[in-house]
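Close look at the chain arrangement
Each chain, written out:
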Amino acid sequence: KSRGDVLTRGAMLELCDLWLQVAWQQAFTDEAGAVRWESAPVCSRPSEGGEGSDGGDNNATAVMQPASANFSTPCDVVSVLDFFAAHRADPYNCGALASSIPDDASVVEAVNAPNATDKLGRPLQASYVLGGLRYGENGNITYAEALQLVAAAQQKVVQRAGEADSDPVVNEWELTLKYAVPSSESVKGRTNGSFPYEVLQGYPDNSALSDDLIGDAFSEDVVRIAIATVCLVIFSTFVLSRRSPVYSSGYMGLVSTACVGMAIVSSYGLMLWIGVTYSEIVQTGIILLLGLGLDDAFVIMGEHWRQSEGDKLFSTPVPKFVGRVMRMAGPSITVTSLSDAAAFGTGAISTLPALRDFGLYTMTGVLFDYLYQCTFFVIFVGTDTRRKRAGRSDWLCCFKRKEPTEPLCCKAIPVTPGEPGWTDYLPGRYIAGSVLNRAGKVIVMVGALTLLALGIYGATHVETNFAYEDFFVPDGSYVAKAYKLRDEYFTGNTLQLAAYTRAYGTAAYFANRDELLALPVAMRTSEWHVEGTPVAAFYEAFLDSAPDEASFDNATVWASALVAFLDSEAGASYAEDVAFGDANRTEIIGTRAARLFVRLAGNSAGNTQMMDDTRAEAAAAAPALDGTTYSFSFLFFEGDKVIKSETLRNCFIAAAAVFVMCLVLLADLWTSLIVLVIILAIDTELLGFMAADGLTYNSVTAISLILSLGLSVDYSVHVAHSFLLFSGTRTERAAAALRHIGGPVFQGAASTFLAILTLAGSSSYVFQTFFKMWMIIISLGALHGLIVLPVILSICGSSPYDDATPAADVYPQMLAPWSGSSTWWGAWGGTWGGRDNRAKEVALEARPRPPEAAECGAVDGDD
């Protein structure tokens, strides 16, 4: 691209020099040694009668494009330089080209020449190689802003370890183009050529470079995973620590993180072993599992602390004490873990590969985490209980402290086991006190209904769109800029596609050869065909150069004449349009009957309509030969066609699975229905956010929409289950639920938030989208679980279990007026105090002293 007019002599000479740099760029490969563009394995040359496959694994492809093609045939390269006879005669002689272009006017004259052809004799359209065209009063081109040089390389599929892979020789050569094309990103490391150019700025674009950049972007995920792990270890250690070294359980944060790591290794190892595809999107599931996996540990340790109140920690045998902890925490983590697994597992039945694979990996990850938290982690819970009973320090268990309740700081406020911490006070006192009164309930319900209404409105305005190149290539990269230029100047509103036929044997093609004529006619008359652009059809060209078709009295004679045409100069550009099933080229198995440009509608619905219409037209024109159309973009149009219905279907299935799981584990129909309404409201509001942020239905957002059902159920089910555990008025029970489980829920949301925070600032669309949507999911989940759901339960919650505990028995100190402590932390409880200090001291004096332990690791005799 140039800042001004590219129809100048200087621009043409710079483009010629650029082509030389590309053509002579050398790559070193294991398969073919040092290769350049003209090397046999690299550039695509229309066949001149090569002998066929050289032993490759894809004979059909090799026959269509023999590696032994005659070198007198030019490589398939198209650019504005083809308008000049000197370049067509010798593409590598820039001196001859310079002599043939005396001034800028000669360039304008050349691009307006009628009936221009490229080196292979194909019609040459100025709009294909020039962008940003302006026309004079006489209709001639007078100005252009961009140039396009298209070089076709071979792409034979290679079998490696039983899997298909792209051509390694061509890929290696394509990767070197970033050093040959003079873009600002490629200057570093380039030492050859006329650098920098005065007129042109170039941007390379090929599949190898795109895949390389995508791989680099996702390799950053490894660093993000490491950062997330460190953050979660620090956070979980902080949350589980207390000011007293004895009653602190900071190292259990490291143990819980280890459980999550074991779950990830087990899950991903199992899925890889059974053959589930591992992709870049699946890799992001590791970060999700890191954040989600700590929730169970927070619930278990929260219950452990509550059960330590008074002398229970010392008077109850360790196995019985740990059993009591798991009796209270177990149902809660079971219902959330199995609900998560059910929600994530619905992705396994999806027809979308990315969603199916992601769902399988995350589902097994959640189940393994549940298994390890209930076994491996609980073993350490017992060990931690013995350590506390022995009066030993948290991280330095070989050291025994004389006074277990003596804190390391703020010594005027001793630590009392079982007292609420600051994360308990936040939902248990502040949130409950603010929203569970009459005014608070009205405000919360009005706000929740307003948010839901906005979500419903936005959900009806979410569009469908997915573009692999735009979404996966990092923003700001030279390939992304190349895509932008291409879409702006060359193919932004058009698409190149081909019409294909498929039949078995030359006899079938000979009998239905009239369909080979009807198919390009149907494409040429299609409403989607770009008017004024040619339709390349090999059979029309064959009949134009052949004698009377009536002379072909049998299939063998007809096929021999067709092969002779493809080997001729007139048929060289169509050599790849006929696929043969044998090396002798006697049996036709498929054809590319027409190549053309079609209009893009500019929206997903229109593009899928174009795809369906052209396929229908091809099928009607060639029914016996199974006519159809195809373009690489059809892969995404097919996804667009089903992504919305597929996503919504899976969301409803996931919601139903979560409801059934809640119904079985909560054993309360009405509460399960309330939880279902909450998670559906969160998903609806997430759709509203998508519309506001311009996100569309695609594979990436589909994953997040389904995952939101699993993520949001965590925050709601814990509170709903705790509500059923306590007796009293509905308002008292809702407040007790927040006092009982609100702290661990808040901690779980914070840990997931920290893990997802590592995705911020990514240049990848996938990471950007996951970050946005998962942050909204966490925010909405915590909002509904800690505020909206308690209000709803306080209004219309169901009856408690028969063995429910009185609501007033849960952290009663939160219900008392503020203490008279003059310290700012007096109201925060737990780690920072919260009761009258003298009352604490009296309680501590009455508590049994921990038994003496003579050596490191000693345990109680009653254990």
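Position labels on residues start from 1 in each chain and follow its written sequence. pLDDT decides what is reported in this predicted model: residues at 70 or higher carry local features, side-chain atom pairs at 80 or more are listed and counted, and totals for whole chains, interfaces and linings draw on all residues regardless. Excluding hydrogens and water, the side-chain figures rest on all heavy atoms present in the structure.

A separate point is the overall build of the protein. Check the secondary structure of the protein and you find 30 helices and 16 strands. The 863 residues of the protein split such that 54% are buried. Residues are treated as being in contact if the distance between any of their heavy atoms lies within 4.5 Å. Restricting to contacts in the protein with at least 6 residues of sequence separation, those with at least 24 account for 76%. Per-residue and other accessible areas were derived by the Shrake-Rupley procedure at a 1.4 Å probe size, with only the shown protein chains allowed to occlude residues. Carbon and sulfur atoms provide 59% of the accessible area of the protein, an area that totals close to 35100 Å². Helix numbering and strand numbering both begin at the N terminus, where a helix is a DSSP run of H or I of at least 4 residues and a strand a DSSP run of E of at least 2. The rule is simple: take the accessible area with a 1.4 Å probe, protein chains only, and divide by the maximum for that residue type; under 20% is buried, over 50% is exposed, in between is partly exposed.

Here the focus is the packing of helix α27 (residues 699–725) against helix α29 (residues 765–796). Note on definitions: angles span 0 to 180 degrees between N-to-C directions of axes, and those axes are lines fitted to C-alpha atoms, for helices only across the stretch in contact. Two elements in contact, α27 and α29, have axes separated by 9 Å at closest approach and are oriented at 25°. Between α27 and α29, the angle is such that the two are roughly parallel. Like other packed secondary-structure pairs, α27 and α29 cross with a definite hand, here right-handed. Under the scheme applied, nonpolar residues are Ala, Val, Leu, Ile, Met, Phe, Trp, Tyr, Cys and Pro; charged residues are Asp, Glu, Lys and Arg; polar residues are all the others, including Gly. Of the residues in the contact of α27 with α29, the class split is 21 nonpolar, eight polar and no charged. Small angles under 35 degrees read as roughly parallel and large ones over 145 as roughly antiparallel, with 65 to 115 read as roughly perpendicular and the rest as oblique. In this scheme the handedness of a crossing depends on how the near helix is turned from the far one: anticlockwise by less than a right angle means left-handed, clockwise means right-handed.

What follows covers empty space enclosed by the protein. Sizing a probe to match a water molecule and rolling it over the atoms shows the empty space that remains. With a 1 Å grid spanning the protein atoms alone, the term cavity applies to any set of points in which a 1.4 Å probe fits but cannot get out, the term pocket to an open set with protein on both sides within 12 Å along at least five of seven lines, and the term lining residue to any residue with an atom within 4 Å of a point. Grid points are joined across faces, edges and corners, and a volume is the space filled by probe spheres set on the points. A full pass over the atoms with the stated rule returns four cavities of 30 Å³ or more. Within this model, the largest cavity holds a volume of roughly 100 Å³. Contributing to the lining of the largest cavity are 13 residues, with L292, D296, S337, D340 and D369 lying nearest its centre. For the lining of the largest cavity, the elements supplying multiple residues, two or more each, are α10 (280–292), α11 (295–307), α13 (318–345), α14 (353–374) and α27. A class-by-class count of the residues in the lining of the largest cavity yields four nonpolar, four polar and five charged.

With that settled, the discussion passes to the sheet that holds strand β13 (residues 588–599). At least two bridges found by DSSP between two strands is the condition for calling them paired. The sheet built from four strands is open, its strands ordered β12-β13-β11-β14 with antiparallel pairing. With one partner strand each, in any of the chains shown, β12 (578–580) and β14 (628–630) form the two edges of the open sheet. On average, each strand axis in the sheet is tilted by 30° relative to the strand beside it, whichever way the strands run. As paired strands, strand β11 (residues 494–502) and β14 are joined by three bridges and run antiparallel to one another. Counterpart to A498 in the pairing with β14 is Y630. Helix-sheet contacts for helix α21 (residues 513–524) involve β11, β13 and β14, and the interaxial angle to β13 is about 15°.

With the exception of glycine, the majority of residues adopt a negative phi angle, and the majority of peptide bonds are in the trans configuration. Of note, D626 is a non-glycine position whose phi angle comes to about 55°, a positive value. Here D626 lies in the loop between α24 (604–621) and β14. Classification of D626 as partly exposed rests on a relative accessible area of 36%. Unusually for a residue other than glycine, A667 sits at a positive phi of about 55°. Mapped onto the elements of the fold, A667 is located in the loop between α25 (634–666) and α26 (669–693).

So, about the pairing of β13. Most of β13 sits inside the fold, with nine of its twelve residues counted as buried. As paired elements, β11 and β13 share nine bridges and run antiparallel to each other. Across the sheet, residue A498 finds its bridge partner in β13, namely R595. Where β12 meets β13, three bridges bridge the pair, whose relative direction is antiparallel. Residue F580 lies in a different strand from β13, and its bridge partner there is I588.

This part takes up the layout of surface pockets. Quantified by volume, the second largest pocket comes out at close to 530 Å³. Considering the residues around the second largest pocket, the lining is formed by 22 residues, among which E303, Q307, M328, F726 and T805 are closest to the centre. Elements represented by at least two residues in the lining of the second largest pocket include exactly α11, α13 and α27. Sorting elements by how many residues they give to the lining of the second largest pocket places α13 first, with four residues. Taken together, the residues of the lining of the second largest pocket break down into nine nonpolar, five polar and eight charged.

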